[in-house]
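This is what each chain is made of:
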Amino acid sequence: MTERTTGRLYGVGLGPGDPELVTVKTARLIGEADVVAYHSARHGRSIARSIAAPYFREGVVEEKLVYPITVETTDHPGGYRGALDEFYEQAADRLAAHLDAGRTVVVLAEGDPLFYGSYQHMHKRLAHRYPTEVVPGVTSVSAAAARLGKALVEAEEVLTILPGTLPEEELTARLASADSAVVMKLGRTFPTVRRALERSGRLAEAQYVERATMPGERTLPLAEVDPASVPYFSVAVLPSRVAAGASAPAYDGPGEVVVIGTGPAGPLWLTPEARGELAAATDLVGYTTYLDRVPVRAGQQRHGSDNKVEAERAEFALDLARRGRRVAVVSSGDPGVFAMATAVLEAACADPYRSVPVRIVPGMTAAHAAASRAGAPLGHDYAVVSLSDRLKPWEVVAARLRAAAEADLVLALYNPGSQSRTTQVGLARDLLLEHRAADTPVVMARDVGGPTERVRTVRLGELDPGQVDMRTILLIGSSQTQAVVRDNGTEVVWTPRRYPEV
């Protein structure tokens, strides 16, 4: 008994529209196919078929896969998604019947089959059942860049590709932080995309490409496009800034200062809002160590300084803003927690800076980052205290520590020590031992999120000041804080949310 032989499935990319941009392999497969399948709306016209038509052989079987709906509503019990899923299942069954009969089936896809392509729905339903090959095609992204004559990315730039169907806030955040970008699926989403480009400060850079390489092609600055004229087959493009030789990020608004929290370490701790503001700035101002964490972007001016000149740094940033610059003041952690927001606002509330716009963009704090590594030591009420006596007398620090200890608050201690301050940790430990048991858990977290991260838990009575430096944060438990070794051998620290009744 001979083994039954099935047909072979091909998903082929047709490119952006010009039949001459169909690859040689795709053209050959179309010409050899027993069955050619393609999608269309209910009007029956198929752009994919029109592109591939020059390569059809006489007598080929055509399978027209007609969507039951496109953007309209449906009374299907499963809703819009249910109606489409049912359609894809039925379409896959039709193609499977040909494959079971030993026929070669070619499914046409505009652009590339696996790039926002309808073919993908056939692939996931059939590729595990039949011999399958996917033939790539030129994407509309590449075609748009070619028709504009503008590079998409150069050097270390990153290209971001977005569907215009994303929510406006999400589009805004991603566009603001992107080096270069392409937004697909315009049509009725165009007003949302345009607003997102404007809100992210990228509208002046944006280019519009309609029906690239096809009849009726248009290219023009996106700001000049009539929203009523935009079809689905169009894209928005933010080309490479490096290739364009941009002298500065595009910005023509009034000067402002944005104080940005970058979190305790690298890019994984950066919020989308902060990332976007950093990308949109014309000037970056900050302590050099923190500036080094921010990627270099073409045209941005970077102004680094020492860590002990906060007031001067704030005034410098405000002076830049008075000259019309969009200034990002870089701060580690959260800018409002022992960081640059206070210095900037203090200067901005005095002459001659009272009219300079100032915004604060929050960031992950060192205390919260350290707590996440240890468990949940900040699960109940807690106090945040800086042990530095550079800006306040030690007597004030000690009084606040004593008050927090008497209130049985968990303590997050910032700035515990440095080369010039070596006694504060020991003094704080001894003071707290007057109110806390010696076995109180203490989380010692150094360089959280960085390459030399070290987080461990000791007991208050064993806290060694010699192992604490300026890059360390201490989380000292309350009387209720637990340190428990779990079955996997790791110790977790947590403070119950319920406090015992007095």
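Before any of the text, the structure's been laid out above.
Scope of this entry: the structure provided in the associated data block. All values reported here derive from a predicted model rather than from experimental measurement.

Criteria and thresholds
Residues numbered from 1 in each chain as written. Predicted model: local features only at pLDDT ≥ 70, side-chain atom pairs only at ≥ 80, totals over all residues. Heavy atoms only, no water. Core = buried A, V, L, I, M, F, W, Y, C linked by side-chain atoms within 4.5 Å. Buried < 20%, exposed > 50% of the residue type's maximum accessible area, 1.4 Å probe, protein only. Helix = DSSP H or I, 4+ residues; strand = E, 2+ residues; numbered from the N terminus. Contact = heavy atoms within 4.5 Å. Salt bridge = Lys/Arg side-chain N within 4 Å of Asp/Glu carboxyl O. Axes fitted to C-alpha atoms, helices over the stretch in contact; angles between N-to-C directions. Parallel < 35°, antiparallel > 145°, perpendicular 65-115°, else oblique. Left-handed = near helix turned anticlockwise from the far one by under 90°. Nonpolar A, V, L, I, M, F, W, Y, C, P; charged D, E, K, R; others polar. Phe/Tyr/Trp six-rings, centres within 6.5 Å; stacked < 30°, edge-to-face > 60°.

1. Thoughts on the nonpolar core
If you look at the biggest cluster of nonpolar residues, it comprises 23 residues, and the most contacted ones within it are Leu 387, Leu 401, Leu 411, Leu 413, Val 442, Leu 463 and Leu 474. Looking at this core, the elements that each hand over two or more residues are strand 17 (382-386), helix 14 (394-406), strand 18 (410-414), helix 15 (424-433), strand 19 (441-446) and strand 21 (472-476). Apart from residues no more than four positions distant in its own chain, Leu 463 is found in contact with Val 425, Arg 429, Val 442, Met 444, Val 458, Val 468 and Leu 474. Counting 22 residues, the second-largest nonpolar core is a separate cluster that includes Phe 87, Ala 96, Val 105 and Tyr 119.

2. A word on the pattern of salt bridges
For the structure on display, the rule yields 33 salt bridges. In this structure, Lys 25 and Glu 133 form a salt bridge, with 2.5 Å as the shortest nitrogen-oxygen distance. Of the two residues, Lys 25 is situated in helix 1 (residues 24-32) and Glu 133 in strand 5 (residues 132-135); the sequence distance between them amounts to 108 residues. On the basis of relative accessible area, Lys 25 is assigned to the partly exposed category, the value being 34%. Looking at Glu 133, the relative accessible area reads 22%, which means it is partly exposed. A salt bridge links Glu 256 to Arg 359; the shortest N-O distance between them is 3.1 Å. Note that Glu 256 is positioned in strand 11 (residues 256-261) and Arg 359 in strand 15 (residues 358-361), a separation of 103 residues in sequence. The exposure class of Glu 256 is buried, given its relative accessible area of 12%.

3. Remarks on the environment of Pro 496
Within the secondary structure, Pro 496 is located in the segment after strand 23 (491-494). Sequence separation between Pro 496 and Ser 234 is 262 residues, and the spatial gap between their C-alpha atoms is 55 Å.

4. Examining the packing of helix 6 (residues 168-177) against helix 9 (residues 272-280)
Between helix 6 and helix 9, the shortest axis-to-axis distance is 7 Å and the interhelical angle comes to 45°. By the angle between their axes, helix 6 is oblique relative to helix 9. The two elements helix 6 and helix 9 cross, and the hand of that crossing is left-handed. Taken together, the residues of helix 9 that come into contact with helix 6 (itself represented by Ala 173, Ala 176 and Ser 177) are Pro 272, Arg 275, Gly 276, Ala 279 and Ala 280. Its residues assigned to classes, the contact of helix 6 with helix 9 shows 5 nonpolar, 2 polar and 1 charged.

5. Focus: the packing of aromatic side chains
What the rule picks out here adds up to 8 aromatic pairs. Measuring from ring centre to ring centre gives 5.3 Å for Phe 87 and Tyr 88, while their planes differ by 50°; the resulting arrangement is tilted. Tyr 88 shares its class with Phe 87; the two are buried. Seen in terms of ring centroids, Phe 190 and Tyr 208 are 6.2 Å apart; in terms of plane orientation they differ by 80°. Their pairing is edge-to-face. On the criterion of sequence distance, the pair formed by Phe 190 in helix 7 (residues 190-199) and Tyr 208 in strand 8 (residues 207-210) is long-range, its members being 18 residues apart. The class of Tyr 208 is buried, set by a relative accessible area of 0%. Clustering of aromatic rings is evident, with ring pairs tying together Tyr 67, Phe 87 and Tyr 88.

6. Description of the packing of helix 11 (residues 310-322) against helix 12 (residues 340-348)
A packed helix pair is summarised by two numbers, namely the angle formed by the two axes and the spacing between the axes. Relative orientation of the contacting elements helix 11 and helix 12 amounts to 60°, with a least axis distance of 9 Å. Here helix 11 lies oblique to helix 12, going by the angle between them. You can see that helix 11 and helix 12 cross each other, and the crossing is right-handed. Across the interface between the two elements, Glu 310, Arg 313, Ala 314, Glu 315 and Leu 318 from helix 11 touch Met 340, Ala 343, Val 344, Ala 347 and Ala 348 from helix 12. Residues belonging to the contact of helix 11 with helix 12 are distributed by class as follows: 7 nonpolar, no polar and 3 charged.

Function cannot be inferred from these measures alone, as they are strictly geometric.
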